[in-house]
Structure formats: structure tokens, C-alpha cells
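Residue-level listing of the chains:
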Amino acid sequence: MEKTMAADRSNWKRTHYCGELRPAHSGQDVVLMGWVHKNRDMGNLVFVDLRDREGLVQIVFRSDKAALIEEAKRLRTEFVVGVRGTVRPREAKNKDLATGEVEVEAKELKLFAASKIPPFAVADPPQASEELRFKHRYLDLRRPAMQRNIRLRHEAALRVRNFLSGKGFYEIETPFMTKSTPEGARDYLIPSRVYKGRFYALPQSPQILKQTLMISGFDRYFQIVRCFRDEDLRADRQPEFTQIDIEMSFIDREDLFVVIEELMASVFELIGEKLTLPFPKLSYKETMEKYGSDKPDLRIHLEMKDLTAIGKDLSADLLKNIFAAGGELKGLLLPGAGSLSRGQLDKLGEKAKSFGAKGLIWIKKQDGFKSSLRLAESEFESIWAALGGGEGDLGLLIADKKETGLKALGEIRRTWPQEKAGNKRDFKFAWVTDFPLMEWSDEEGRLVSMHHPFTSPLDEDMGLLEKEPARVRAKAYDLVLNGIEVGGGSIRIHDTELQRKIFSVLGLTPKETEEKFGFFLEALTYGAPPHGGIALGFDRLVMILAGEESIREVIPFPKTTSALCLLTNSPSEVSDRQLAELGLKLK
């Protein structure tokens, strides 16, 4: 083995990837290179599964080559080797393996690198905790599933670039070091060494700069771009993430919808899915009333009902008191769920309370009505008819503030276990439109933009902007897929005075407006075209394409949910000298 390592490598050139070999290659001499996935010593035969990025193939070492088989017996998992041999039909075929009809009879073996015993097996499904996998991410990335995910990520990016280029878009880079204009999440700040006490910020989005490109006349822009947000993390969030950033001039919403729907159809062809176009369009008000969410999962065929009008005629004092306080009655029918036990119903009630509801009323019909609320038979009949219930169904009602009832029932709807089998390959897109332009923030004690302050109000709501800004709807839209927001955008403000007015309504003083956005407001005065765009979450799209539950499974080097990189052990401390160069001192 040592002699093999020291031997001249000039005649070792890979001819094929392991996962490419098929019966058509039978009889061919090949040179393969990869990692030892498994080694089985049978005495007079040694079988080695050799793995590379395209898959794995079985290598057989025979006893008539004594020196070679002894070398093979010393191989261990994750050794890096080259094999020269001949492709043969495999006697014991493996139907679960793409290369399972062939094997390679080895003639020569070269050891490129030995490996320590890995802290976990490189195999699917993962054989270690996420913490251990992220610490040794270079090993975790060797798993076949991760190799497929990263390849799919590459193919999706390539498909996006080719599609948008074919539609006349230019890919234009915008800077990572830019001005801090905090709106929404916190910025990551970069201290300047040259201008001590001043800071750059990593971009949360290229929003202002891509609008500036429209003012510059580039007309159609895109970028697959890294963005940064210092915010709390979830399964679909990272402090640094990738988005497909798009902006277009001289368009309305429908123009953009067509382009994005065609882009999605092209991308989903990668996994053999043919999407039905156009996607349905739902208003924000409609999605909240029907589904209790602005990102509804349309695979779930359950819709909420407003029962307030019926409820006001009911005799229960509980309901009368809630209506007197301005509350409403919302209902959700769960078909076939009438068999739920009292304990299961209590758990649903606890879930509703966890989302702020005072309680949950249930009604079931099984040889008459049973309910947690006392009502006359005729009153039950009127509710049941409004819900569209039948024998064996379950009705859930919440009498509370409108927003509370919708949120609690919406969460029950979202998590209701139905049609699990085969649901993963069912892709239900929808556009959600006409969002409120602004919403009240208890944390900040003021109105804030629901999307961002560059979003244009609906023309018909413009008259409400000064007197009732909370009622103004926006030319904003989200693209939703299976309960996940995969993109959001809007038609932008291209009039300087309207943009100033929006900043004013949001509570920015003229001085703050000038300090934060003065350069952009000046740019708008030099002839800004009507324009709009969208940002699509690339990590989320690839996650869905790959059938994963977390974007961390499709990002090569992700952070943990606490924003740590376990591989590089960052964030890390820096030296006093570095801090002094930047004019900084730690408290």
C-alpha cells in the first residue's frame, strides 16, 4: 500500500464517475476515484462499495491477485482511492442501486489518502445529531442525499439564470457593503477602519439598489444574491440566505405574475413536475377569513366560516357577552372527526388557548348533537347547516376577537392530519394580494410597513393615506406554496412626493428621511419609470424541490438555530489590536 501511495500518478486519470456505470459499459476498462463507502472481506474475495458525487458502485477484488487483495483488505471507510478495472455484469443484482446490474473487477488500486475513523457513518438517513453533523459538515456533505441536494441547488440556479436571461433580464451585482437603513430585521454592521465611528451594513435585501437600477434604465434586472438579517431563526430562516431578486420597469402586477409562474414551471421541471398555470389569486382578506393565514396550505381542503350573524340569534350567555364586547364567532368543520375522544378535544382546546383564544367550543353529530355548549336542538341545526356538517363530523367554534379566532382556528386547520400519503408531491401555488400597506407595531408603538416602505398603495385607497392609513391596501403580493411563503414583492412607489408622504406617515421626521434615504429620493426626481419586482427565497424553493423539511439541508454550510457555525466555531472573539484599528472597545 505504501508503494502504491508513492507511485507515479501521471497515468491515473478518471474515466467515469462511479454512479454512471450501467450494463452498456460492460467490458470497458475504467478508472474510478472516490471514497470507500463499505468494505466486505469474504476471505478469497473483497467487495468494496466505492462512492463519489454521482453515486456508488461495487468493486470486486479476487484472490488470484494476491498482492491486490491484501491491499484491498487494508482499506477502511472513507479512505480515498483510485481503482482501475473492467466493468462486468453483476451476478447478485441490486435493484435498489442505480449501478446494481454491474460491478468493476479491480486490476489496480491506488490509495490517495487514509482517513481517521469518522465520528458518524456517512449514510442516509443521517446517523448523528445535527450538532455533530454541522461540526463535521465536510463529512455530512458526503452523504448521497446531501450530494443530491447540492447538485439540485446548482441545477435550480442554472435554470433560473438561463430562463431569466432568455426573457431579457440582465444579471447585475449589487454591493454587500452598503448603508444601514433599518426597516424590519436588525442589520449586521461592519465598522469602518478608515472612517472610525462609521459603519457599513450587510444588505437585508438589495431593495433600494435594484430600484435605482430601474431609474438607471436597465429595465429588467435579476440577481441570485446573498442577504443578511440579524433575526431569530426557524427551520426556514438563516442569518445569511439566498434569494432570487427580480425587478422590472413599465409593468403591472399581472405582467410580473406571468413571468414568475413560467419561471416556477421551468424550475419544477427539474423534479419532473408539470405545474398548472396560472396560479390562483386570493386577496389577503380572503385568505385570513377562510384559512386564518396569509400563507395558506391549499392542499388542506378545510375552510373557516363566519358564524357571527347566526351566533347573535343564539341563546347562550357566553356568546352574548363576547358579541357585546365586539367579538365574532368563527367556525371550522373537520369531516369525519366526530369520533375524537374528550381528551383529544381538550388538547385542541389547549392549542386554541396557546394562540390567545379564551376557549374552544366543539359540536359533533352522532345520533343527535353533543357539544361543550348548551343550546337548543334548532340552534345546533342552524350552526350545523352553516358549517355544512354531516353525521360523524366535528365542528369547532371560537367566539373571541376576530383576529384571535382566525389565528387559533387557522393553526388547528394548518396542523390537522389529513391526506398525508402522497401529499409531499402535491404542489399548490397561490398568489396572495392586496395586503394592508401598514400595520400597528406594539413593540415600536407606531405604524410600520407590512412589507417595506417603498410599496405603492392601491390607487383606490390613496385618499385614506392621511386620515386612515391602517385601512390602505398595498400593491403587494406574496407567492405561497404549500403553506410556505416562497416570495414577496410589490409595485413600487416611483413618485418622490408620495414616497416622502409614506415616510412621514410611518413617523420618520424630514431629517431622518434625508439621512436614511436622501440619495434615493433625489434619484427619484430624475425620471423614475413605473416599476415592480419580487424576491424569491431560493433556499426555501430548493428545500421544497428536494423534499426536505429545513433549508439547512440544502445549504452547504448553514448556521444552527442559534446562529452559530459549528464548523468554524464562529462568531469568534477578535484581538485587541483589531478592535483598536477599528476604533472600537468592548464593554
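Residues numbered from 1 in each chain as written. Predicted model: local features only at pLDDT ≥ 70, side-chain atom pairs only at ≥ 80, totals over all residues. Heavy atoms only, no water.

J.: I'd love a proper account of the overall build of the chain, names of residues and values included.
T.: Counting its secondary structure elements, the chain contains 17 helices and 22 strands. In terms of overall dimensions, the chain has a C-alpha envelope of 90 × 75 × 50 Å along the principal axes. Across the 587 residues in the chain, those meeting the buried criterion constitute 48%. For the chain, contacts bridging at least 24 residues in sequence account for 67% of all contacts bridging at least 6. (Helix = DSSP H or I, 4+ residues; strand = E, 2+ residues; numbered from the N terminus. Buried < 20%, exposed > 50% of the residue type's maximum accessible area, 1.4 Å probe, protein only. Contact = heavy atoms within 4.5 Å.)

J.: Residue-level account of the sheet that holds strand β20 (residues 476-481), with values.
T.: The eight strands lie next to each other as β6-β9-β10-β22-β21-β20-β17-β11, forming an open sheet whose pairing is mixed. If you trace the sheet from one side to the other, it starts and ends with β6 (170-171) and β11 (281-283), each paired once. The sheet contact formed by β20 and strand β21 (residues 484-491) spans six bridges and is antiparallel. For D478, the partnering residue across the bridge sits in β21 and is G488. Sitting on the sheet, helix α5 (residues 144-166) touches β6, β9 (220-228) and β10 (240-249), and the angle it makes with β9 is about 150 degrees. Of the strands in this sheet, β11 and β17 (429-433) touch helix α8 (residues 284-291), which is tilted by about 85 degrees from β11. (Pairing = 2+ DSSP bridges. Axes fitted to C-alpha atoms, helices over the stretch in contact; angles between N-to-C directions.)

J.: An account of the sheet that holds strand β16 (residues 394-400) is needed here, citing residue identities and associated values.
T.: One key point about sheets: their strands pair by backbone hydrogen bonds, in either a parallel or an antiparallel sense. A sheet is described by the order of its strands in space; here five strands give the open sequence β12-β13-β16-β14-β15, paired in antiparallel fashion. In this open sheet, the two edge strands, each paired with only one partner strand, are β12 (304-306) and β15 (369-371). Averaged over all pairs of adjacent strands, the angle between their axes in this sheet comes to 25 degrees, without regard to strand direction. Judged from the four bridges that link them, strand β14 (residues 361-365) and β16 form a sheet pairing that is antiparallel. Within the sheet, the bridge partner assigned to I363 lies in β16 and is G395.

J.: Please give an account of the nonpolar core that cites residues and values.
T.: Ranked by size, the top nonpolar core spans 43 residues in total, and within it I246, M264, F268 and L536 carry the most contacts. Here this core takes eight residues from helix α7 (residues 253-268), the largest share from any one element. Each residue touching F268, except ones within four places of it in the same chain, is listed here: E273, L275, F427, F429, L481, L541, I544 and L545. Grouped together as the second largest cluster of nonpolar side chains are 27 residues, L465, V480, F503 and A528 included. (Core = buried A, V, L, I, M, F, W, Y, C linked by side-chain atoms within 4.5 Å.)

J.: Quick rundown of the side chain of S456? Include the residues and the values.
T.: Turning to its location among the elements, S456 is positioned in the loop between β19 (446-449) and β20. Take S456: its relative accessible area is 7%, and that puts it in the buried class.

J.: Explain the side chain of Q243 residue by residue, including any values.
T.: Examined against the element boundaries, Q243 turns out to sit in strand β10. With residues up to four places along the chain from it excluded, the contact list for Q243 reads S205, P206, Q223, I224, V225, C227, A535, L536 and F538.

J.: Requested: an account of the packing of α5 against α7, with residues and values cited.
T.: Contact pair α5 / α7: the axes reach a minimum separation of 10 Å and the direction vectors enclose 140 degrees. Accordingly, the angle class assigned to the pair α5 and α7 is oblique. Crossing of α5 against α7: the hand is right-handed. Note on element contacts: α7 touches α5 through V259, E262, L263, S266 and V267, opposite R159, V160, F163 and L164. (Parallel < 35°, antiparallel > 145°, perpendicular 65-115°, else oblique. Left-handed = near helix turned anticlockwise from the far one by under 90°.)

J.: Could you give an account of unusual backbone geometry, with specific residues and numbers?
T.: Following D124, the chain continues into P125 via a peptide bond in cis, with omega recorded as -10 degrees. Omega for the bond connecting L277 with P278 falls within 30 degrees of zero, at -5 degrees, which places this linkage in the cis form. One can find P278 in the loop between α7 and β11. Backbone geometry at D434 places phi at a positive 55 degrees, although glycine is not the residue there. For D434, a relative accessible area of 18% corresponds to the buried category.

J.: Explain helix α16 (residues 538-546) to me, using residue names and the numbers behind them.
T.: Here α16 lies mainly inside the structure; eight of its nine residues are buried. The set of residues buried in α16 consists of F538, D539, R540, L541, V542, M543, I544 and L545. Check the buried side of α16 and you find it contacts α5, β10, α7, β20, β21 and β22 (531-537). Two residues or fewer after α16 comes G547, characterised by a positive phi angle close to 75 degrees.

J.: Explain the pairing of strand β5 (residues 102-113) residue by residue, including any values.
T.: As paired strands, strand β3 (residues 55-62) and β5 are joined by three bridges and run parallel to one another. Across the sheet, the residue bridging to V60 is E105, located in β5. Across ten bridges, strand β4 (residues 80-89) lies against β5 in antiparallel orientation. Counterpart to R84 in the pairing with β5 is E108.

J.: Before we move on, could you go through the packing of aromatic side chains and cite the residues and values that matter?
T.: Under the defined criterion, the tally for this structure stands at 15 aromatic pairs. A centroid spacing of 5.6 Å and a plane angle of 85 degrees characterise the contact between F176 and F228, whose relative ring orientation is edge-to-face. Placement of F176 in the loop between β6 and β7 (188-191) and of F228 in strand β9 is noted, with a sequence separation of 52 residues between them. By relative accessible area, F228 is classed as buried at 10%. Across the ring face of Y195, the terminal group of R198 is positioned such that the distance to the ring centre comes to 5.1 Å. (Phe/Tyr/Trp six-rings, centres within 6.5 Å; stacked < 30°, edge-to-face > 60°. Lys NZ or Arg CZ within 6 Å of the ring centre and 35° of its normal.)

J.: Can you break down the packing of α7 against α16 residue by residue, with the values?
T.: For the pair α7 and α16, interaxial distance at closest approach is 11 Å and the crossing angle is 45 degrees. One way to sum up the angle between α7 and α16 is to call them oblique. Here α7 runs over α16; the crossing is right-handed. Between α7, through M264, V267 and F268, and α16, the contact on the second element is made entirely by L541, I544 and L545. Grouping the constituent residues of the contact of α7 with α16 by class yields six nonpolar, no polar and no charged. (Nonpolar A, V, L, I, M, F, W, Y, C, P; charged D, E, K, R; others polar.)

J.: Please give an account of the pattern of salt bridges that cites residues and values.
T.: The final tally for this structure, using the stated rule, is 47 salt bridges. Its salt-bridge partner being R446, residue E444 comes within 2.8 Å of it at the nearest N-O pair. By relative accessible area, which is 25% here, R446 ends up partly exposed. Salt bridges linked by common partners bring D124, R133, R137, D140, R143 and E553 together as one network. (Salt bridge = Lys/Arg side-chain N within 4 Å of Asp/Glu carboxyl O.)

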